[in-house]
Amino acid sequence: MKKITALLFIAALFINSPAYAENIDLDFSGVRPVNASVRSALMPGWGQGWNNQPVKGWITFGVFAVSVAGAFYFNAQAYEKYDSYEEKGIVNGKLYNEYEDNRTLSQVFTFAAIGTWLYSVIDAYFVCKKHLASETPVSAFKFYYNQENDGYYLAYGRKIDI
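Reading the values: rules and limits
- Residues numbered from 1 in each chain as written.
- Predicted model: local features only at pLDDT ≥ 70, side-chain atom pairs only at ≥ 80, totals over all residues.
- Heavy atoms only, no water.
- pLDDT = per-residue confidence, 0-100.
- Helix = DSSP H or I, 4+ residues; strand = E, 2+ residues; numbered from the N terminus.
- Phe/Tyr/Trp six-rings, centres within 6.5 Å; stacked < 30°, edge-to-face > 60°.
- Buried < 20%, exposed > 50% of the residue type's maximum accessible area, 1.4 Å probe, protein only.
- Axes fitted to C-alpha atoms, helices over the stretch in contact; angles between N-to-C directions.
- Parallel < 35°, antiparallel > 145°, perpendicular 65-115°, else oblique.
- Left-handed = near helix turned anticlockwise from the far one by under 90°.
- Contact = heavy atoms within 4.5 Å.
- Nonpolar A, V, L, I, M, F, W, Y, C, P; charged D, E, K, R; others polar.

Chemist: Break down the confidence of the model for the protein chain for me, citing the residues and quoting the values.
Modeler: Scored by pLDDT, the protein chain has a mean of 80; 72% of the residues are at 70 or more. Within the protein chain, the element-level pLDDT minimum falls on helix H1 (residues 2-21), averaging 61, and the maximum on helix H4 (residues 54-88), averaging 91.

Below is the structure:
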């Protein structure tokens with residue numbers, strides 16, 4: 001019965017996938033806040049670099065990398081101390097205290113990495129959004145309706161710096 005259910009599920013995926021394939025647009029080349037946040041979600045600091053903030057991007061990436069490395073290091077140290085503690089069997093000994101200290105440090109570094117990752121994603125989104133809102137277009141076409149003359153107009157404007 002499990003094999004039949006699995007086959008039906010896989011068949012349903014293949015039958016329905018062409019119907020939705022045309023609706024998915026994965027273009028990350030345009031300057032949009034979502035694109036910046038996706039970049040930072042994949043690698044913290046990439047979105048900041050893409051938003052023309054390379055120093056902030058490298059700092060964010062560095063803090064994230066150090067946090068992840070610290071979390072893995074102290075987690076490994078905690079397991080080593082716990083294995084030594086179990087091997088010796090001393091109830092109120094130094095090894096268990098060292099295990100707890102390393103485990104706590106591992107948790108601190110883990111939360112720092114998660115916080116840095118969240119900061120990177122949110123910051124990239126809002127910086128890009130602010131940047132797009134403050135830009136004034138160099139040239140633009142405007143299509144509008146004028147109630148006074150009862151007509152539609154197409155106008156072209158270009159900003160010239162002198």
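Now that the structure has been shown, the text picks up again.
Chemist: Explain the packing of aromatic side chains to me, using residue names and the numbers behind them.
Modeler: One pass over the structure, following the stated rule, counts 8 aromatic pairs. Here Tyr 73 and Phe 74 contribute two aromatic rings whose centre-to-centre distance is 5.1 Å and whose plane-to-plane angle is 75°, an arrangement assigned as edge-to-face. On the basis of relative accessibility, which here comes to 47%, the residue Tyr 73 falls in the partly exposed class. We classify Phe 74 as buried; its relative accessible area is 19%.

Chemist: Give me the environment of Tyr 153: which residues, what numbers.
Modeler: Within the fold, Tyr 153 resides in strand E2 (residues 151-158). Taking the C-alpha atoms as reference points, Tyr 153 and Lys 142, 11 residues apart in sequence, are found 7.9 Å from one another.

Chemist: Which residues make up unusual backbone geometry, and what are the values?
Modeler: Positive phi is not limited to glycine here, since Asn 52 has a value of about 65°. Positionally, Asn 52 belongs in the loop between helix H3 (46-50) and H4. A relative accessible area of 65% means that Asn 52 is categorised as exposed.

Chemist: Residues and numbers for the packing of helix H2 (residues 33-42) against helix H5 (residues 94-134), please.
Modeler: The N-to-C vectors of H2 and H5 enclose an angle of 160°; their axes lie 8 Å apart at closest approach. Considering the angle they form, H2 stands roughly antiparallel to H5. The two elements H2 and H5 meet at a crossing, and its hand is right-handed. Facing Pro 33, Val 34, Ala 36, Ser 37, Ser 40 and Ala 41 of H2, the residues of H5 in contact are Trp 117, Ser 120, Val 121, Ala 124, Tyr 125, Cys 128, Lys 129 and Leu 132. Broken down by class, the residue content of the contact of H2 with H5 amounts to 10 nonpolar, 3 polar and 1 charged.

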